[in-house]
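# Structure at a glance
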Amino acid sequence: GFVDSSTTLSLAPTCVARNATPVVNLPNISMNELKGGLTSSAEFNVEVECNDTAVSGVEQDQVAIGFQPSNSAYMNAQKLGLIHSNGASNYLVSDDYYNEINAKGVGIQLQHSTTQTDMLFLNQFAISGGGTLAGWYPVLEGNPDSLHSNQPGFTTYLQRYKAILTKLPDLTPTPGKVKATATVVVKIQ
């Protein structure tokens, strides 16, 4: 009963997020403005370093980028009924949403600044696959500016995104703070 087992390690050309705007501060907005359909937004950047042979996209073996909610933000979005059947969501809500000092009825939407694409947030575990309906987007979508190359065969790009504070559907905004956390994930699909 000798069992032969072998492990194959392959190095696929990929990309990695090097820097992201650590804190995105959204301008204050009143409850009435939110109720009236106005939003508050701020742009933020993500630097992505890619192997020059990596393929940007959402198909198998291509490199995609997404935004994974913190576990508590995800659980709160689930309680609010904001999670799609595939685990993705249109909204990021506060990590501590149910704390009385925090605003209710509001969430953050994500948009690609260059393409103006509205983006979904990833599932709880940032599982690969499912494409844009699951919150994965081509890592070099919108032809981002290339910044520099730290070493031959690699290029760093600047991706620009926008965080938009908005009223959640079917809920009435109440005043308070909003502090929501998401992590940038770059992954081969």
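Here we take up the packing of aromatic side chains. Applying the stated criterion to the full structure yields four aromatic pairs. One aromatic cluster is present, built from ring pairs that chain together F44, F67 and Y161. Here the guanidinium or amino end of K104 rests over the ring plane of Y97, the centre of that ring lying 5.7 Å away.

Before going further, it helps to spend a moment on the pattern of salt bridges. A complete count under the given rule lists two salt bridges for this structure. Close ionic contact of R18 with E49 constitutes a salt bridge, the shortest N to O distance being 2.5 Å. Residue R18 is found in strand β1 (residues 15-20), and its partner E49 is found in strand β2 (residues 40-51); the two are separated by 31 residues along the sequence. For R18, a relative accessible area of 49% translates into the label partly exposed. Residue D145 pairs with R160 through a salt bridge whose shortest N-O separation is 3.2 Å. A residue pair is termed long-range when its members are at least 10 positions apart, and D145 in strand β7 (residues 145-148) and R160 in strand β8 (residues 154-167) qualify at 15 residues. Here D145 falls in the partly exposed class, since its relative accessible area comes to 41%.

Let us now look at the environment of T53. With respect to the helices, strands and loops of the structure, T53 is situated in the loop between β2 and β3 (63-69). Residue classification places T53 among the exposed residues on the basis of a relative accessible area of 56%. A distance of 2.7 Å separates a polar atom in the side chain of T53 from a polar atom in the side chain of N51.

Here we take up the sheet that holds β3. Taking strand neighbours across the sheet as the criterion, the three strands line up as β6-β3-β9 in an open arrangement whose pairing is antiparallel. Because the sheet does not close on itself, it has two edges, and the strands there are β6 (137-138) and β9 (182-188). Where β3 and β9 come together, seven bridges link them in antiparallel fashion. Bridging across to β9, G66 finds its partner in V185.

Turning our eyes to something else, we now look at the nonpolar core. Note on soluble globular proteins: their nonpolar side chains tend to be buried together. Judged by nonpolar contacts, the single largest core of 27 residues is most densely connected at C15, I65, F67, V139 and Y161. Among the secondary structure elements, those contributing two or more residues to this core are β2, β3, β4 (106-112) and β8. Beyond its immediate stretch of four places on either side in the chain, V139 contacts C15, V48, C50, S56, G57, V63, A64, I65, Q159 and V186.

Our next topic: the side chain of N76. Mapping N76 onto the fold places it in helix α2 (residues 71-79). Not counting residues up to four positions away in its chain, the partners in contact with N76 are V93, S94, D95, D96, Y97 and Y98.

Among the secondary structure elements, T166 is positioned in strand β8. Once you skip the residues sitting within four places of it in the chain, T166 turns out to touch L34, T39, Y91, G105, V106, G107 and Q109.

Turning our eyes to something else, we now look at α2. Within the span of α2, buried status applies to A73, Y74, N76 and A77. The arc enclosing the buried residues of α2, seen along the axis, measures out at 165°, which places them on a common side. Buried residues belonging to α2 abut β3. G81 sits one or two positions beyond α2 and adopts a positive phi of about 75°.

Turning our attention to the pairing of β2. Across five bridges, the pairing between β1 and β2 is antiparallel. Counterpart to C15 in the pairing with β2 is C50. Of the strand pairs in this sheet, β2 and β8 are connected by 12 bridges, and their pairing is antiparallel. In the sheet register, S41 faces β8, and the bridge partner there is I164.

Criteria and cut-off values
- Residue positions are given per chain, counted from 1 along the sequence in the order it is written.
- pLDDT decides what is reported in this predicted model: residues at 70 or higher carry local features, side-chain atom pairs at 80 or more are listed and counted, and totals for whole chains, interfaces and linings draw on all residues regardless.
- Side-chain measures here rest on the full set of heavy atoms in the structure, leaving out hydrogens and waters.
- Each Phe, Tyr or Trp ring, with Trp reduced to its six-membered ring, pairs with another whose centre is within 6.5 Å; inter-plane angles below 30 degrees give stacked pairs, above 60 give edge-to-face pairs, and intermediate values give tilted ones.
- Any Lys NZ or Arg CZ that is within 6 Å of a ring centre and within 35 degrees of that ring's normal is treated as a charge sitting over the ring.
- Here a salt bridge means any side-chain nitrogen of Lys or Arg lying within 4 Å of a carboxyl oxygen belonging to Asp or Glu.
- Secondary structure follows DSSP: runs of H or I at least 4 residues long count as helices, runs of E at least 2 residues long count as strands, and numbering of each begins at the N terminus.
- Burial status follows relative accessibility: with a 1.4 Å probe on protein chains alone, a residue under 20% of its type maximum counts as buried, one over 50% as exposed, and anything between as partly exposed.
- Residues adjacent in sequence count toward polar contacts only when both atoms are side-chain atoms; beyond that, a polar contact is any pair of N or O atoms within 3.5 Å, and within protein one must be able to donate a hydrogen and the other to accept it.
- Two strands pair under a simple rule: DSSP has to find at least two bridges between them.
- Nonpolar cores were defined as sets of buried Ala, Val, Leu, Ile, Met, Phe, Trp, Tyr and Cys residues, with membership established by side-chain atoms within 4.5 Å.
- Throughout, a residue-residue contact means that at least one pair of heavy atoms, one from each residue, lies within 4.5 Å.
- By construction, the arc corresponds to the directions joining the helix axis to the C-beta atoms.

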